[in-house]
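Each chain, written out:
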Amino acid sequence: MARRRRLLPSIFICAVALVLLAVLDFSPGAVADGADSAPAQVDEQTAVLADGVGTEVVVDAVAGNPEPAVPDAIPNEPVEVVAKIVEEPPVEPVIESTPAPSTQDAEAPVEVRSEPAATKAAAKPKAPAPKSAPTPVPVPVKEPEEEIKILPHIPDLMVTEFAAQVVGDDKRGKVQRITPPATIKQLTADGSSTVKLRFSAADASLPDKPLLKVHQAFVVFRDAKGEHNEVVLAATQGDADGKYTLDVDFSNDKTRARFHHLSSTYTLTVLLGSFTSPRGYSWSPGSLQLNLPDADAATLRPKVLPGQPDPVDYAVKPEIRHVFRPPQKLPPSIVSLAATAAVLVVPWGFLLWAWSSLSISPRIPPASLVPHAAFLVTLGLFYVLLWAYWTVLNLGQLLGYLAVLTPVTALTGRLALSEVAARRTAKGKEKKKA
Amino acid sequence: MMARGALFSALIALFLLNACAVAKSASGSRVLVLLDKLDDRADYSAFFSSLSERGFDVYFKEASDVSAKLVDFGERLYDHAILFSQKSSGVLSATKLVEFVKLEGNVLAAVGRNPPDNVRDFAYEFNVGVDETDTAVIDHFNFNSTEGAQSSHTTILANAFAPSAAVYSQSTLSGGAVLYDGVALKFGKNPLLLKLLVGSATTYTWGARESSDVTEQPYVSGSELILAGAAQTRSNARVTFVGSQKLFSDRHICNDTSLNQTTSRFKLHVLENIIVVDSKSGNAAFAADISKWTFQERGVLKISAVQHHKEDESFQRDSYRVKDHIVYQLDISEYRDGKWRPFVAPDVQVEAVMIDPYIRATLQPSSSAKPSSATATTYVTKFQLPDQYGVFTFKVDYRRPGYSWIFTKETLPVQQFRHNDYERFLVVASPYYAAALSTATASFLFMIAVMYSS
């Protein structure tokens, strides 16, 4: 009794909701051809799906069961239907017509349940089906020349399970299993480990998120320190369709060469891409700390990192300044100056002392002053010439000057010395007489 | 009368020559375009008309045309070549193309999905690998979605340009993404190769049929996937390979695109997720920049006016001495927009080499000492010659990606000190100087004493 009372208003509400969904068309009519016959076929579609899914949804909502009983109540039916549609070659994927089903929507169970109905409804032309969805519509007679337009399902890619493990020679790391948006703890690998990654690609637009075979299932290892190292590795198909596996064996030289022998922290990014999906999916599960042996890096690591010009040829080279030989070491100038003083003082001192003990009384008669002066001047010029040769002149110039000076000096010398000689002989004769 | 008539006609001829449209390329204006059929040029009318506007004489020939010759009797018949033929190798084999490049001809080769053998072999000569036939570059994240129902993940949007000011103008670098529908290229270890446009982390190459699954590592992916790359030979001939011929087509040049999902930059460590809506593809700007760079209208450098002298002199000697202070200068110009312009760079270096470099100094662009002319920048530096005598080579070898390689060298002897190049008077010899002088003085005094003593 009480149950029937709760049933009636709930049925009415759900019927109104379905009618509204059918009426509110979010897209411009995508199917241009066969618009007349399309409603009938589409109704057939919705009718099938509604039978399979719609009524059950209503029942569950009525029962007040918040959890989706979908996986248990409907074992495989909707999955099979969807799988058939996915594997057919896509015909005119209509990107603009779909309201973008985001991953946030996928997580809310209530909305997901109505999603397939909405997708099919959105793909319909503008003429809505005003009749309530739960009641089955009799299958209309198909005209033979009309093609059955199977509107392709547009999947929304996501990763459902992600597992990572680092296996070494003697140790096995823990298997970390997560689902997005969780992240794994940082993996650590060295030159002898293998990093095993397993993940599954699924269709987020469907309620039970069936596994989906995608064209691109890559894992990008990006150097977090910004050394321009980015390695993209493709994951291959694992046990089943939609499951992908990637084993990165760092004991293999080729793998290390792909990583350019760079030890660093690499962030992982999973990329999923498919021709039927309008948008790729990228998600970062965590990071990997790679420690390759230092010797390895020093000898095998390329001088040129990817993305940078070769420093040998194309970069500024370091400046070289020549280091000159140090100047020749000489004894300190004090010693030289002391020696100079000694050289000057000692001989001259002796000479002057010796001369002082002699009696020198120069006597120049005034009449013969001129030749004596001339002789002394020319003699002095010789010494001046000696100084000049030491400082300024070269041999040729010197010889030139000497050629002039020598006869002049000879002349004046003869005059002066002959006068001295005459005086001395006169003095000697006087001494003899006396 | 005759002389005046001759002079007049010579003047007329000179005037006419100057009035003719002169190509803006630094190395000539004759372009040969090879197509499968002559009618195909209508598909690329925007690109070819831009070439004509830039002053090139464009000659169209079919690839199978026997008269399509690039080199005749050891001389180039054309200055540049564009290879757009897709179906057949035609008459020009890879060997003939290489011969053309050796004679300093520039080549722009668009490879496409099924490249003919001669283009594939020609690319291999430069260590550029082309993926197999019936493969395509795929990107599920960056593709052209304006084609609506025909939106295919094989017409991708690429904007990972090489950050090279020599190749790209600022408007191209910050402009729209390039529509690319073609095959992937991969570079080998050739130091003369230059990446121009690469894929992002999400780009890869696989069989063009969508049903084939990715079962192993693709031929190339990520930023190693080259969409457009070039090789610049040591004689500065440029050969550019672009993996998509449709990039130059009218449809893609004039196409509107709406860029979706991720865009990634050339710096590999950053993957920026930006949703941008552009209305115009960057194909026109990209094609213009690529063809300008390949045909020597951009990024061309030359050295002129190399000069050296001692610091306190102004004339150039043909030999110097150990430990001389030298001033070394030269002028560098860049060819851009049809004229030689001053080229300013902070990293031009001169080396004094005798087997190994003894000196490497950075040349400063001079602005004050000797003002640069309107066509060149003067670079000056001063250094002291090493105290090693011998025959030195002064070299400037400036190689930067995107710019043409410029090189100058001059051999100069550096001689040892002459006997009179050393210091003249030494403090350490002062006792000897004093001794000699005092001996001379003493001898003079002694003579006086002897002469005048009684």
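Rules of the game
Residues numbered from 1 in each chain as written. Chains lettered and ligands numbered in written order. Predicted model: local features only at pLDDT ≥ 70, side-chain atom pairs only at ≥ 80, totals over all residues. Heavy atoms only, no water. Helix = DSSP H or I, 4+ residues; strand = E, 2+ residues; numbered from the N terminus. Contact = heavy atoms within 4.5 Å. Areas by Shrake-Rupley, 256 points an atom, 1.4 Å probe, with all protein chains shown as cover. Pairing = 2+ DSSP bridges. Phe/Tyr/Trp six-rings, centres within 6.5 Å; stacked < 30°, edge-to-face > 60°. Buried < 20%, exposed > 50% of the residue type's maximum accessible area, 1.4 Å probe, protein only. Buried area = accessible area lost by both parts, 1.4 Å probe. Salt bridge = Lys/Arg side-chain N within 4 Å of Asp/Glu carboxyl O. Polar contact = N/O pair within 3.5 Å; in protein donor to acceptor, adjacent residues only side chain to side chain. Nonpolar A, V, L, I, M, F, W, Y, C, P; charged D, E, K, R; others polar. Domains from an automatic or database assignment. Arc of directions from axis to C-beta.

**Considerations on the overall build of chain A**
So, step 1. Broken down by element type, chain A carries 12 helices and 10 strands.
So, step 2. The long-range share in chain A, meaning contacts at least 24 apart out of those at least 6 apart in sequence, stands at 70%.
So, step 3. Summed over its atoms, the accessible surface of chain A is roughly 25700 Å², and 63% of this surface lies on carbon and sulfur atoms.

**Here's the deal with the sheet that holds strand 18 (residues 320-321) of chain B**
So, step 1. Ordered in space as 18-26-25-21-22 (chain B), the five strands form an open sheet in which the pairing is mixed. Because the sheet does not close on itself, it has two edges, and the strands there are strand 18 and strand 22 (356-362) of chain B.

**Looking at the sheet that holds strand 2 (residues 176-178) of chain A**
All names here are of chain A.
So, step 1. One open sheet holds the five strands; their spatial order is 2-1-4-8-7, and the pairing between them is antiparallel. One side of each edge strand has no neighbouring strand; the edge strands of this open sheet are strand 2 and strand 7 (236-237).
So, step 2. Note that strand 1 (residues 157-167) and strand 4 (residues 194-203) share nine bridges and pair antiparallel. Bridge pairing links Val166 to Val195 in strand 4.

**Observations concerning the packing of aromatic side chains**
What describes a pair of aromatic rings is the distance from one ring centre to the other and the angle between the planes of the rings.
Residue and element names in this part refer to chain B.
So, step 1. Applying the stated criterion to the full structure yields 37 aromatic pairs over all chains.
So, step 2. Judged by centre distance (6.2 Å) and plane angle (65°), the rings of Tyr44 and Phe48 are edge-to-face.
So, step 3. Tyr44 gets classed as buried once you look at its relative accessible area, which sits at 9%.
So, step 4. Connected via pairs of aromatic rings, a cluster forms that spans Tyr44, Phe47, Phe48, Phe60, Phe84 and Phe248.

**As for the interface of chain B and chain A**
So, step 1. If you look at the interface, chain B gives 76 residues, while chain A gives 74 residues.
So, step 2. Note on chain B versus chain A: buried area summed over both sides is about 6600 Å², and carbon and sulfur give 62% of it.
So, step 3. At the boundary of chain B and chain A, one finds zero salt bridges.
So, step 4. On inspection of chain B and its partner chain A, the count reaches 20 residue pairs in polar contact (both at pLDDT 80 or more).
So, step 5. Mapped by element, the contributors of at least two residues to the side of chain B that touches chain A are strand 14 (203-207), strand 21 (349-354), strand 22 and helix 8 (430-452) of chain B.
So, step 6. For the side of chain B that touches chain A, a count of residues per class yields 41 nonpolar, 23 polar and 12 charged.

**Observations concerning the domain arrangement of chain B**
It is common to give the size of an interface as the accessible area lost on bringing the parts into contact.
Residue and element names in this part refer to chain B.
So, step 1. The assigned domain composition of chain B is domain 1 (18-294) and domain 2 (300-415).
So, step 2. Note on domain 1 versus domain 2: buried area summed over both sides is about 950 Å², and carbon and sulfur give 54% of it.
So, step 3. Across the domain 1-domain 2 interface, the total number found is zero salt bridges.
So, step 4. When the residues that make up the side of domain 1 that touches domain 2 are grouped by side-chain class, the tally is eight nonpolar, five polar and three charged.

**Some points on helix 4 (residues 117-125) of chain B**
Residues and elements named next belong to chain B.
So, step 1. Every buried residue belonging to helix 4 is among Asn118, Val119, Phe122 and Ala123, and all of these are buried. Within helix 4, the buried residues cover an arc of 135° as seen down the axis, which keeps them to one side. Facing away from the buried surface of helix 4 by more than 90 degrees, the exposed residues are Asp117 and Tyr124.
So, step 2. Considering only its buried residues, helix 4 is in contact with strand 5 (80-83), helix 3 (94-102), strand 6 (106-110), strand 7 (128-130) and strand 16 (238-242).
So, step 3. Once helix 4 finishes, Asn127 follows within two positions and takes phi at roughly 65°, a positive value.

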